[in-house]
Amino acid sequence: MHRLRIGVLTSGADCPGSNAVLRATVASAHTLGWEVLGFIGGYEGLLFPINYMPLTLENTEGITATGGTIIGTTNKGHFGATSESGEKVQIPQRILDAAKKTVLDLGLHALICIGGDNTLRAADQLFASGVPVIGVPKTIDNDLSATAWTFGFDSAVQCVVDALDRLRTTAASHKRVMVLEVMGRHSGWIALYGGFAGGADVILIPEIPFSYEHLCAHVAKRMSGGADSTLIVVAEGAAPKGGEVLTVQSTTHGEIRLGGIGARVAQEIMERTGHETRTVVLGHLQRGGAPTTQDRILGIRFGVGAVQLIQEKKFGNMVSYLNYEIGSVPIKEAIGRIKHVPPEGQIVKTAQAVGISFGV
Ligand code: F6P
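Residues numbered from 1 in each chain as written. Predicted model: local features only at pLDDT ≥ 70, side-chain atom pairs only at ≥ 80, totals over all residues. Heavy atoms only, no water.

Student: Explain the site of the ligand to me, please; I cannot follow it from the model alone.
Tutor: Every residue near the ligand is listed here: Ala13, Asn75, Ile140, Asp141, Met183, Gly184, Arg185, Glu236, His284 and Arg287. Asparagine 75 places a side-chain nitrogen or oxygen 3.0 Å from an oxygen atom of the ligand. Between the ligand and glutamate 236 there is a distance of 2.7 Å, counted from an oxygen atom to a side-chain nitrogen or oxygen. Two domains share the shell around the ligand, each providing at least three of its residues, namely domain 1 (5–151 + 291–334) and domain 2 (156–287). (Near = heavy atom within 4 Å. Polar contact = N/O pair within 3.5 Å; in protein donor to acceptor, adjacent residues only side chain to side chain. Domains from an automatic or database assignment.)

Next up, the structure:
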């Protein structure tokens, strides 16, 4: 009997839970008697020299508990479907055709593309070129509209909470202000959830442009009122009203790297209030390490869901988690719609109700 063969790749920024998706894909494909090939280094593995490895029950054993992705990834290369400034870019047809040829030559029945908005845009273009793709949403930023959660987010939030728990004791010992810069390019979900659970006093997010006057007045009032510390979480994409998002120089091509807002906030607080302030940039610690229980479970559910979509021949669709169930949405409808923190929403209001300031 003809044995079905499928391909899978992880693309874009890595994310805890990716290996859970890979393992679940392999395990559930195995029960159907399918073979799974994992392309190395994201979409690049589809191009000459083609680079893939068979994924088996044996070589994926135990990986659900591990961070990163065993088949590698990249957020650079030939499949950038988003410009540095975030606009949609058409991938050259010769690249899409070369990838399609690999899929045909290897006799792949489907290609599962695991990634964030940029990866899914590339998947959509491959689908339009005739490749039977299935999408799996992946980003620690949790900023894709078509799914309530993406795996990796919970692990990143846990990392922020752990950092705040540690910063609290050292800050309190010195009566200091601590600024923690966290990831979140377009949305403040990591800052908001991490700051909320970690007991931050101030949370600055891209969706709510802040004012240095309000922020510093709040800090000064807290410290003069007897607080032994002030913990501030700032998302890398946050900016003051009328101000620009801060970026760092990058020698590589791809998305512009954000960074620097934590140090700027600390500097303004020191200059305006005189309180000793320190900055920590949490950076890639948020993306590393083992996935939390929730991310493992979501990853497993997405992997199984992706295989089901192949069985149902729902190519061009992406698995999504909505209303406690794994469902699917057309990739075309899922891309380009950033899920922002609603500035007037319940979660922001709840944070304000317990005294958290958004710097406004
Ligand atoms: O999109 C996920 C993300 O973690 C962003 O929050 C961050 O800006 C970016 O990736 C960093 O990517 P890199 O690994 O290229 O520094």
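There's plenty left to go through after this.
Student: Would you take a moment to explain the domain arrangement of the protein for this structure?
Tutor: Quoted interface sizes are often the accessible area lost when the parts come together. When cut into domains, the protein gives domain 1 (5–151 + 291–334) and domain 2 (156–287). The C-alpha centroid of domain 2 is placed 33 Å from the C-alpha centroid of domain 1. With 12 residues of domain 1 at the contact, the number on the domain 2 side is 16 residues. Roughly 1200 Å² is buried in total at the junction of domain 1 and domain 2, and carbon and sulfur atoms are behind 55% of that figure. (Contact = heavy atoms within 4.5 Å. Buried area = accessible area lost by both parts, 1.4 Å probe.)

Student: Teacher, can you tell me more about the pairing of strand 1 (residues 5–10) here?
Tutor: Along a regular strand, successive side chains alternate from one face of the sheet to the other. With five of six residues buried, strand 1 is to be regarded as a mostly interior element. Taken together, the four bridges between strand 1 and strand 2 (residues 35–39) define a ladder with parallel strand orientation. Counterpart to glycine 7 in the pairing with strand 2 is leucine 37. Running through helix 1 (residues 18–31), the crossover from strand 1 to the neighbouring parallel element strand 2 is right-handed. With five bridges joining them, strand 1 and strand 4 (residues 110–115) adopt parallel strand pairing. Paired with glycine 7 across the bridge in strand 4 is leucine 111. (Buried < 20%, exposed > 50% of the residue type's maximum accessible area, 1.4 Å probe, protein only. Helix = DSSP H or I, 4+ residues; strand = E, 2+ residues; numbered from the N terminus. Pairing = 2+ DSSP bridges. Right-handed = clockwise from strand over helix to strand, strands pointing away.)

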